[in-house]
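# Notes for the structure review
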Amino acid sequence: MSSSEPGTAPPAAPRMDGRTGPARLRGLPTRLLSLAATHSDRLVNEGLAAADARKWHYAVLAMLEESGPASQAELSRRTGIYRSDLVSVINELTDRGLVERAPDPADRRRNVITMTERGRARFARLDTLITELEDEVLAPLGPAERDQLARLLTRLVDHHARRDG
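Residues numbered from 1 in each chain as written. Predicted model: local features only at pLDDT ≥ 70, side-chain atom pairs only at ≥ 80, totals over all residues. Heavy atoms only, no water.

### Points about helix 4 (residues 72-79)
Convention followed: Partly exposed describes any residue whose relative accessible area lies between the buried limit of under 20% and the exposed limit of over 50%, with all areas from a 1.4 Å probe on protein chains only and scaled to the type maximum. Only DSSP runs of H or I covering at least 4 residues are called helices, and only runs of E covering at least 2 are called strands; the numbering of each starts at the N terminus. Of all possible arcs, the one meant is that of the directions from the helix axis to the C-beta atoms. In what follows, a contact means two residues having at least one pair of non-hydrogen atoms within 4.5 Å.
Residues of helix 4 that are buried include every one of Gln 72, Leu 75 and Ser 76, and no others. Burial along helix 4 is one-sided: seen end-on, the buried residues are contained in an arc of 100°. Buried residues along helix 4 sit against helix 3 (55-67), strand 1 (70-71), helix 5 (83-95), strand 2 (99-104) and strand 3 (107-115). Looking at the residues trailing helix 4, positive phi occurs at Gly 80, about 80°.

Here it is in structure tokens:
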């Protein structure tokens, strides 16, 4: 029976880890970074999906929690979410009663986004979930190693942001 027939499982994806493949690949930091990012992204996306949320929901709520009400343009800049994509994220959060959109009193052409009490409660639950997911992703590392990894990744991200900016 071929794998294309109904009722059969597709072939398993090849195992992707830092111990397989040619030695030249196993030691490439960029490959290892990519594999770790892929694994992390999958775990976080699956965890958030199980909680009926997405990473962008968390990013917008975190920004509003940290900085208070903001215009859509400001949220786009601060979260890195394209304005056109942010509109649909704001629509989803508004439909769920997590944020409110209102005209900016200083400039009625702009909207200001404010987190609701329900949004604050939802953010607190998602923040706890993100912490749990990070603990799962970073399980083999101790606290000092996690801090070191965060510092190194921040340096990489900052370097490339300056270069690309």
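Now, onward.
### Comments concerning the pattern of salt bridges
Put simply, the test is: We define a salt bridge as a contact between a side-chain nitrogen of Lys or Arg and a carboxyl oxygen of Asp or Glu at a distance within 4 Å.
In the structure shown here, the tally under the stated rule is nine salt bridges. As a salt-bridge pair, Lys 55 and Asp 41 come within 2.2 Å of each other at their nearest N and O atoms. Of this pair, Lys 55 sits in helix 3 while Asp 41 sits in helix 2 (residues 29-50), and the two are 14 residues apart along the sequence. Assessed through its relative accessible area of 33%, Asp 41 is described here as partly exposed. Of the charged contacts, one joins Arg 110 and Asp 104 as a salt bridge, the two residues approaching to 2.4 Å between their closest N and O atoms.

### A short note on the layout of surface pockets
How we decide: Think of a 1 Å grid over just the protein atoms. A cavity is a set of points where a 1.4 Å probe fits yet cannot get out, a pocket is an open set with protein on both sides within 12 Å along at least five of seven lines, and lining residues have an atom within 4 Å of a point. Grid points are joined across faces, edges and corners, and a volume is the space filled by probe spheres set on the points. Note that Gly is not counted as nonpolar here; it falls among the polar residues with everything else outside the nonpolar set of Ala, Val, Leu, Ile, Met, Phe, Trp, Tyr, Cys and Pro and the charged set of Asp, Glu, Lys and Arg.
The computed volume of the largest pocket comes to approximately 1,500 Å³. Around the largest pocket sit 38 residues that line it, and Ala 36, Ala 37, Ser 40, Val 137 and Leu 153 are the ones nearest its centre. Breaking the lining of the largest pocket down by element, the ones donating at least two residues are helix 2, helix 3, helix 6 (117-137) and helix 7 (143-164). A breakdown of the residues in the lining of the largest pocket according to their chemical character gives 24 nonpolar, eight polar and six charged.

### Quick notes on unusual backbone geometry
Residues apart from glycine generally show negative phi values, whereas peptide bonds are mostly found in trans. In this model, Asp 52 sits at a positive phi of 55°, which is unusual for a non-glycine residue. Examined against the element boundaries, Asp 52 turns out to sit in the loop between helix 2 and helix 3.

### Examining the packing of helix 3 against helix 4
Our working definition: Throughout, an axis means a line fitted to C-alpha atoms (over the contacting stretch in the case of helices), and angles, computed between N-to-C directions, take values from 0 to 180 degrees. Note on angle classes: values under 35 degrees are labelled roughly parallel, values over 145 roughly antiparallel, values of 65 to 115 roughly perpendicular, and the remainder oblique.
The N-to-C vectors of helix 3 and helix 4 enclose an angle of 105°; their axes lie 10 Å apart at closest approach. Considering their axes alone, helix 3 and helix 4 lie roughly perpendicular with respect to each other. Contacts from Ala 59, Val 60, Met 63, Leu 64 and Ser 67 in helix 3 reach Leu 75, Arg 78 and Thr 79 in helix 4. Residue composition of the contact of helix 3 with helix 4, by class: five nonpolar, two polar and one charged.

Taken by themselves, the reported measurements are silent on function.
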